Amino acid sequence: MNTPEQTPLSNSPTQLLWAGCRVALAGLLHDLGKFAERARLEVPADKLELWKQLDCPHWDGRPSHIHAAYTTAAFFAIEAFLPRREALMATPYAGPDSPEADDSLINAAARHHKPETFLQWVIATADRLASGFERSEFDRYNQAAEGTATGKNHYQARLLSLFENLTPEGPRNPATADFCQPLAPLSPQALFPLRRSTYEPQADAAAQDEYRRLWQTFEQGLQQIPPSHRDNLPLWLDHFDGLWLACTHAIPAATAGGVRPDVSLYDHSKAVAALAVALWRWHEAHGRTDAESLAALRMRADWEEPKFLLIQGDFSGIQDFIFAEGGQTQRAAARILRGRSFQVALLSELAALAVLEALALPPTAQIVNAAGKFLIVAPNLPQAQQALEAVKRRLEDWFLTHTYGESSLQLAALPACSADFEPGRFTELVQRLFAQLERAKLARLGLCARTDSAILAADFPAGPCAFDGRRPAHTQVEGRPASLLAADQITLGRRLADPAYTRLLIARADADLWASAGVDPLRLEYFGYRIAFARAEEEAGRFGALAASGALLRCWDLHLPQAGDRPLFAGYARREINAYIPTTGDNEPVTLDELATRDEGIEALAVLKGDVDHLGAIFQRGIAPYTFARMAGLSRQMNAFFAIYLPWLCRSEYPDTYTVFAGGDDFFLIGPWYQTQSLARRMRQEFQRYVAGNASLTFSAGLVLAKPGFPIRQLAREAEARLEEAKDAGRDRFTSHGVPTPWTLVDKMHAFEEWLNEHARLEGFSTGFVYRLLRLAQMAGSERPEDAIWLPWLAYRVKRFVVDRLPQEQRDKAQAEIAGALRDYLDAGKLAARIAIANHLYRQRERKTR
């Protein structure tokens, strides 16, 4: 694709988009020098001295924030792997076709601590907004020497855990700083914090070596991005954003002035990029880019003007969409479930893309997208509002046509001014965002405002879909009538299970995706886009022609993590919307009936549903100082546990687990009845490790058991009810076998189960004896006075057992040991002891031959 011609911005959406990509790149890389300087990038001394004079502020004759000079140096160091100069040296920055521009992209990025031109002030203002700096606070920070609140310098300081001090009531005071993130590329293992006392470097040389290795990964990643995609700036920027995340997710953004280094360079720079584009677009549209406007930015004279539009999206009816009943769903349950779950995430991503395209915004304007929700930063302009209304109508029409209103995706837009991003007001802004989205949910599909008929036309010439039983059939799948939506769901379920198809292509509706080998397109258009799965590069190529024509909008890597420590970047942008499912040797999803056979004892499935406790309160009150970058970081990191680590945990240790959905702060899993209970305990242990042992951050879960063939929709309702029981009982609980139990007690009851298993083997506990323990557990948990006799009953039952089973000389000792252990376990667990007893009985039960 040739660089768009320099046409008036108001007349060319493509020009607006490309110009926004350049501003976004300047914002994204404004602190590139922090990465480079800590990695000790080799820079000629004379050039470095020159850039220190040009890019760095000076105080008392000394330059500060030396990283600004390294930003310029690093741009030149990686220039060979960036898009062509003519693509970057263009509007709004200086270039051959824009000689009137007052600055270059590199200068705008590097001089955010010493801004002079309007374009430099755009990046500098976005930098301050993302950090929540008040004016006097920033002035002090701008003069500050390197050094953090932990006593470490900018080489040795590691990113502190953002989770360590959060509580639903507010941040812990005084704050602790015992845990930090390992300085390593993004991978499942690199997500977990380590103790600073044993990990954080004590010397500059060792600290710089870690940064140097990370910089090498960054350079290698730049070379992995397909060169043909550099000619499509928005597409390339999406890939680069994925690499930037992989390499900077654990780099502390700020290390000067005694700050607490708990915001990553990625989250800070992504916020800067989004805010900078919106700010520049607002000023450009109003013709306010002159010296007077520059002065207003510098003096914050216009900070009450609502220049930003925060756009939220939220998928409603997720469970109704995924667990639709009817027809022959049970026969193809595994594939359809996986396809529907993926469709939810895909539709959310495509809705966000539709908003970005309608408003001519770069991919970096999308700050959050997890669990069917997204947040986009846009300029608050009348034409933006109008474009958003058109997107709303397009989404509503699609959902009405293809889901008949059972599901929908709401959009909500909230204007915001610069002052709203200051810590004193940002909490209120977040609360208004929550409220705005709740109001939008009450106006699903805009039905009250529509002038067309509220009765939707439906024609069934080929009968109903065999897979959902309700929608009209328009095609055939495996010899059965199917709706186009169900046909795509089956394709999705099949291709997601096939490791040969590693990429997902998003293209314009008129793109000829069938012309490429190794490509399997979906049948429907989604909001005006065509979607296709593609095989690996070696088989299907890099789609350079589609990229150059502008028809290829996104190309996403869907690989699940292949190793615990392997960086999650392979040349393409990633979206963590895939999930682990067990597959057969011919790459088909394992059926749910087969999963039910993969545990000893009874033949049954377990459905596990859970979510993080008090997350809304944590987002609204738990962070301080509350800034835009911290909010984005908290959302990204919470999602990463469920969307990155959980698939890896299932793949590596619980391979019979079927992930229906996992992301944001919740999960829904299906698996063999006993393994899934083990996975629930392991998840809780790993989540505590993930949040740096913070006992105020917990999740609750509910589990139900069912025989194969039980309707999935009913299982989902039951699991939701068990989860609600865990929440109602006080949260931080696990409901299993109908008993809401604190997680600490769940672990103790697992120890009870192991004790039962061992002593049943050694002592020969009869089934009748164990069944009587169920009744005793019920009595131990009862408040009825007559049940207080459970202890004498226990002593009697144990004595009967030892008299009947053991020689005289062994009875007294065995009676004391068995009765004492059972008394302790039953007294501690009460009703929860039934979990251990039931599990023991279920594992001993012999299966009937089918």
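Residues numbered from 1 in each chain as written. Predicted model: local features only at pLDDT ≥ 70, side-chain atom pairs only at ≥ 80, totals over all residues. Heavy atoms only, no water.

Bringing the overall build of the protein into the picture now. On a plain count of helices and strands, the protein comes out with 30 helices and 21 strands. Computed over its C-alpha atoms, the radius of gyration of the protein comes to 29 Å, within 12% of the 29 Å expected for a compact globule of 850 residues. On the principal axes, the C-alpha backbone points of the protein span a range of 100 × 75 × 50 Å. Each of the 850 residues in the protein was classed as buried or not, and the buried ones make up 62%. Pairs at least 24 apart in sequence give 73% of the contacts found in the protein among residues at least 6 apart. Counting every atom, the protein has about 31700 Å² of accessible surface; 50% of that belongs to carbon and sulfur. In the protein, 94 positive and 103 negative side-chain charges are present, and the distance between their average locations comes to 4 Å. (Helix = DSSP H or I, 4+ residues; strand = E, 2+ residues; numbered from the N terminus. Rg over C-alpha atoms; globule rule 2.2 N^0.38 Å. Buried < 20%, exposed > 50% of the residue type's maximum accessible area, 1.4 Å probe, protein only. Contact = heavy atoms within 4.5 Å. Areas by Shrake-Rupley, 256 points an atom, 1.4 Å probe, with all protein chains shown as cover. Lys, Arg positive; Asp, Glu negative; His and termini not counted. Charge placed at Lys NZ, Arg CZ, Asp CG, Glu CD.)

Throughout the structure, instances matching the rule amount to 59 salt bridges. Between Arg85 and Glu79 there is a salt bridge; the shortest N-O distance is 2.3 Å. On the basis of relative accessible area, Arg85 is assigned to the partly exposed category, the value being 46%. Exposure remark for Glu79: the relative accessible area of 26% places this residue in the partly exposed category. (Salt bridge = Lys/Arg side-chain N within 4 Å of Asp/Glu carboxyl O.)

What follows is about the packing of helix H11 (residues 233-248) against helix H12 (residues 265-285). One way to put it is that H11 packs onto H12 with a least axis distance of 8 Å and a crossing angle of 145 degrees. For the pair H11 and H12, contact is made by Asp241, Trp244, Leu245 and Thr248 and by Leu265, Tyr266, Ser269 and Lys270, respectively. Looking at the contact of H11 with H12 residue by residue, the classes come out as four nonpolar, two polar and two charged. (Axes fitted to C-alpha atoms, helices over the stretch in contact; angles between N-to-C directions. Nonpolar A, V, L, I, M, F, W, Y, C, P; charged D, E, K, R; others polar.)

Turning our eyes to something else, we now look at the side chain of Asp55. Relative to the helices and strands, Asp55 is located in helix H3 (residues 45-55). Relative accessible area serves as the criterion here: at 0%, Asp55 is assigned to the buried category. A distance of 2.7 Å separates a polar atom in the side chain of Asp55 from a polar atom in the side chain of Thr72. Once residues within four sequence positions are removed from consideration, Asp55 is found in contact with Ala68, Ala69, Thr72, Ala110, Arg111 and Lys114. (Polar contact = N/O pair within 3.5 Å; in protein donor to acceptor, adjacent residues only side chain to side chain.)

What follows is about the packing of aromatic side chains. All chains considered together, the criterion is met by 45 aromatic pairs. A ring pair is formed by Phe765 and Phe801, whose centres lie 5.2 Å apart and whose planes are at 75 degrees; its orientation type is edge-to-face. On the criterion of sequence distance, the pair formed by Phe765 in the loop between helix H26 (743-763) and helix H27 (767-780) and Phe801 in helix H28 (residues 790-805) is long-range, its members being 36 residues apart. Residue Phe801 is classed as buried on the basis of its relative accessible area, which comes to 5%. (Phe/Tyr/Trp six-rings, centres within 6.5 Å; stacked < 30°, edge-to-face > 60°.)

Attention shifts here to the sheet that holds strand S12 (residues 519-521). Overall, mixed pairing links the five strands, which are arranged S12-S13-S11-S14-S15 in an open sheet. Two strands bound the open sheet, and with one partner strand each, they are S12 and strand S15 (573-574). The sheet contact formed by S12 and strand S13 (residues 529-535) spans three bridges and is antiparallel. Each residue of the ladder has a partner; that of Pro521, found in S13, is Ala532. Those strands touched by H11 are strand S14 (552-557) and S15, and its axis lies near 20 degrees from that of S14. (Pairing = 2+ DSSP bridges.)

This brings us to empty space enclosed by the protein. Here the structure, examined in full by the defined rule, presents five cavities of 30 Å³ or more. The calculated volume of the largest cavity comes to roughly 120 Å³. Lining the largest cavity are 13 residues, and of these Gln181, Leu191, His249, Arg636 and Gln637 sit closest to its centre. The class makeup of the residues in the lining of the largest cavity is eight nonpolar, four polar and one charged. Quantified by volume, the second largest cavity comes out at close to 80 Å³. Lining the second largest cavity are Gln677, Arg681, Phe734, Ser736, Val746, Met749, His750, Glu753, Ile835, Ala836 and Asn839. Counting only elements with at least two residues in the lining of the second largest cavity, the list comes to helix H24 (673-690), strand S20 (733-736), H26 and helix H30 (833-844). Residue composition of the lining of the second largest cavity, grouped by class: five nonpolar, four polar and two charged. (1 Å grid on protein atoms, 1.4 Å probe; cavity = no way out; pocket = protein on both sides within 12 Å on 5 of 7 lines; lining within 4 Å. Points joined across faces, edges and corners; volume = space filled by probe spheres on them.)

As a further point, take the confidence of the model for the protein. Taken residue by residue, the protein gives an average pLDDT of 92. The fraction at 70 or more is 94%. With pLDDT under 50 throughout, residues 4-8 is counted as low confidence; its partners more than four residues away or in other chains account for ten contacts. (pLDDT = per-residue confidence, 0-100.)

Below, the discussion takes up H30. Along its twelve residues, H30 runs 17 Å from first to last C-alpha, staying within 8% of the 16 Å computed at 1.5 Å per residue. Across the twelve residues that make up H30, a large majority, nine, are buried. Considered for burial, the residues of H30 that qualify are Ala833, Ile835, Ala836, Ile837, Ala838, Asn839, His840, Leu841 and Arg843. Buried residues belonging to H30 abut H24, S20, strand S21 (739-742), H26, H27 and helix H29 (808-829). (Expected span 1.5 Å × (residues − 1).)

Omega for the peptide link from Thr91 to Pro92 comes to 5 degrees, which places this bond in the cis form. Looking at the secondary structure, you find Pro92 in the loop between helix H5 (85-88) and helix H6 (105-110). Across the junction of Ala624 and Pro625, the peptide omega takes the value -15 degrees, indicating a cis bond. By the secondary structure assignment, Pro625 is in the loop between helix H22 (615-621) and helix H23 (628-653). The phi angle at Arg300 is positive, at roughly 60 degrees, despite the residue not being glycine. Considering the arrangement of structural elements, one finds Arg300 in the loop between helix H13 (291-299) and strand S5 (308-316).

This brings us to the sheet that holds S20. Reading across the sheet, the six strands line up as S17-S18-S16-S19-S20-S21 and stay open at both edges, with mixed pairing between neighbours. Of all strands in the sheet, those bounded by a partner on one side alone are strand S17 (658-663) and S21. Mean inter-strand twist for the sheet, computed between neighbouring axes without regard to direction, equals 15 degrees. Across five bridges, the pairing between S17 and strand S18 (residues 666-672) is antiparallel. Bridging from a neighbouring strand, Thr659 pairs with Leu669 of S18. Against the sheet, helix H15 (residues 333-358) makes contact with S17 and S18, and its axis sits at roughly 10 degrees relative to S17, the strand it touches most.

This part covers the side chain of Arg630. By the secondary structure assignment, Arg630 is in helix H23. Arg630 gets classed as buried once you look at its relative accessible area, which sits at 10%. There is a polar contact of 3.1 Å between the side chain of Arg630 and the backbone oxygen of Pro625.

Along strand S16 (residues 605-612), eight of the eight residues are buried, which leaves the element largely enclosed by surrounding structure. Burial of the side chains of S16 extends over both faces: Leu605, Val607, Lys609 and Asp611 are buried on one face and Ala606, Leu608, Gly610 and Val612 on the other. Bridge count between S16 and S18: seven bridges; the pairing is antiparallel. Note that in S18 the partner of Leu605 across the bridge is Pro672.

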